[in-house]
Amino acid sequence: DAGVIQSPRHEVTEMGQEVTLRCKPISGHDYLFWYRQTMMRGLELLIYFNNNVPIDDSGMPEDRFSAKMPNASFSTLKIQPSEPRDSAVYFCASSRTGNGYTFGSGTRLTVV
Amino acid sequence: RKEVEQDPGPFNVPEGATVAFNCTYSNSASQSFFWYRQDCRKEPKLLMSVYSSGNEDGRFTAQLNRASQYISLLIRDSKLSDSATYLCVVRRRDAGNMLTFGGGTRLMVKP
């Protein structure tokens with residue numbers, strides 16, 4: 001089992017640019033979660049999907065953020081346009097109903 | 001008030017010491033409980049689930065007090081490798097499979 005795979009591991013971009021983060025969940029997991037972690041705010045849930053359908057996106061900061069899950073094996077989180085305050089580590093996690101999460105290694109985003 | 005509250009620490013302890021962390025949760029609909037461990041610049045990883053009767057995994061003991069709505073983690077004979085942030089996590093009965101994470105307690109074990 002390869003675990004949850006995220007790409008890229010690191011991303012440095014200029015303010016105003018579009019950023020796309022990618023996630024491949026563990027096969028057979030029916031839930032996928034996107035989190036953001038900063039020193040100030042800890043782990044924040046942005047959005048989660050169940051069977052590829054977005055269930056709760058109330059944590060998405062604003063319209064600049066969007067997430068998709070076109071199939072059971074792939075999800076993206078897009079920020080357009082990016083701002084310096086978006087700098088954080090973005091984690092993707094997946095799980096099966098009733099079980100704990102498995103996190104990916106995260107994408108460390110720096111917007112300059 | 002946050003749904004899951006933890007003392008952020010840091011807890012600085014010598015090797016071999018016993019250390020305990022507490023966590024309180026505010027929603028009585030919480031039904032499942034976990035401790036996750038996060039190393040610096042790494043992803044959180046499941047350490048152990050917490051059962052109503054209390055459970056032990058080697059040097060780690062987790063306990064749940066539903067009446068007072070708190071969870072504890074006890075680490076005996078601390079090792080240098082135990083240095084990490086420990087996240088208290090709850091799942092509510094009404095929230096599907098969504099977990100709510102506490103802010104974490106940082107532990108530093110010194111030689």
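Here, every reference points to the structure presented above.
Throughout this description, residue numbers start from 1 for each chain and increase along the sequence as written. Lettering for chains starts from A, numbering for ligands starts from 1, and both go in the order in which the items are written. Totals for whole chains, interfaces and linings use all residues, but because this is a predicted model, local features are given only for residues with pLDDT of at least 70 and pairs of side-chain atoms are given and counted only at 80 or more. Only hydrogens and water are set aside when side-chain values are computed; all heavy atoms of the structure are taken into account.

A separate point is the interface of chain B and chain A. Contacts were defined at the residue level, with two residues in contact if any of their heavy atoms lie within 4.5 Å. Taken together, the contact pairs 14 residues of chain B with 20 residues of chain A. Buried area between chain B and chain A, both sides added, is near 1,300 Å², and the carbon and sulfur share of it is 53%. Take a side-chain nitrogen of Lys or Arg and a carboxyl oxygen of Asp or Glu: if they are within 4 Å of each other, that pair is a salt bridge. For the pair chain B and chain A, the number of links is zero salt bridges. Polar contact criterion, stated in full: a pair of N or O atoms within 3.5 Å, where within protein one must be able to donate a hydrogen and the other to accept it, and residues adjacent in sequence count only if both atoms are side-chain atoms. At the junction of chain B with chain A, the criterion picks out four residue pairs in polar contact (both at pLDDT 80 or more). Strands are runs of DSSP state E lasting at least 2 residues, helices are runs of H or I lasting at least 4, and numbering of each runs from the N terminus. The set of elements that each furnish at least two residues to the side of chain B that touches chain A consists of β4 (30-38), β9 (84-92) and β10 (99-101) of chain B. Of the residues contributing to the side of chain B that touches chain A, the split by class is seven nonpolar, three polar and four charged. Simply put, the buried area is the total loss of 1.4 Å probe accessible area from both parts when two parts are fitted together. Residue type decides the class: Asp, Glu, Lys and Arg count as charged, Ala, Val, Leu, Ile, Met, Phe, Trp, Tyr, Cys and Pro as nonpolar, and the leftover types, Gly among them, as polar.

Let's shift gears to the state of the cysteines. Residues and elements named next belong to chain A. When the sulfur atoms of two cysteines come within 2.5 Å, that pair is taken as a disulfide. Evaluation of the coordinates by the stated rule reveals two disulfides over all chains. Between the sulfur atoms of C23 and its disulfide partner C92 the distance amounts to 1.9 Å. Negative torsions about the S-S bond denote left-handed disulfides, and the value of about -65 degrees found for C23 with C92 makes this one left-handed. Taken as a pair, C23 in strand β3 (residues 19-24) and C92 in strand β9 (residues 88-95) lie far apart in primary sequence, 69 residues in all.

A few words on the packing of aromatic side chains. Here the aromatic set is Phe, Tyr and Trp, taking the six-membered ring for Trp, and pairing holds for ring centres within 6.5 Å; pairs whose planes are under 30 degrees apart are stacked, those over 60 apart are edge-to-face, and all others are tilted. Scanning all chains against the criterion turns up 16 aromatic pairs over all chains. Note on Y35 of chain A and F101 of chain B: the rings are 5.5 Å apart at their centroids and 80 degrees apart in plane angle, and the pair reads as edge-to-face. One end of the pair, Y35 of chain A, is in strand β4 (residues 31-38); the other, F101 of chain B, is in strand β10, on a second chain. When accessible area is computed with a 1.4 Å probe and restricted to protein chains, residues below 20% of their type maximum are described as buried, those above 50% as exposed, and intermediate ones as partly exposed. Y35 of chain A gets classed as buried once you look at its relative accessible area, which sits at 1%. Exposure remark for F101 of chain B: the relative accessible area of 10% places this residue in the buried category. Plain terms: the ring middles of F91 of chain A and F103 of chain A are 5.9 Å apart, the flat faces sit at 85 degrees to each other, and that makes the pair edge-to-face.

To continue, consider the side chain of Q38 of chain B. Along the chain, Q38 of chain B turns up in strand β4. Exposure remark for Q38 of chain B: the relative accessible area of 8% places this residue in the buried category. At a separation of 2.8 Å, a polar atom in the side chain of Q38 of chain B contacts the side chain of Q37 of chain A. When neighbours within four sequence positions are excluded, Q38 of chain B is seen to be in contact with Q37 and F91 of chain A together with E43, P44, A84, T85 and L87 of chain B.

Let us now look at the sheet that holds strand β7 (residues 65-71) of chain A. All names here are of chain A. Strand pairing is defined by DSSP finding a minimum of two bridges between the two strands. Spatially, four strands are ordered β1-β3-β8-β7 in an open sheet, and the strand pairing comes out antiparallel. What marks the edges here is a single partner per strand, and that holds for β1 (5-7) and β7. Across the sheet, the axes of successive neighbouring strands diverge by a mean angle of 15 degrees, strand direction being ignored. Here β3 pairs with strand β8 (residues 74-79) via five bridges, running antiparallel. Pairing of V19 across the sheet is with I79, part of β8. As a rule, the C-alpha atoms of each element are fitted with a line to give its axis, helices using only the stretch in contact, and angles between N-to-C directions run from 0 to 180 degrees.

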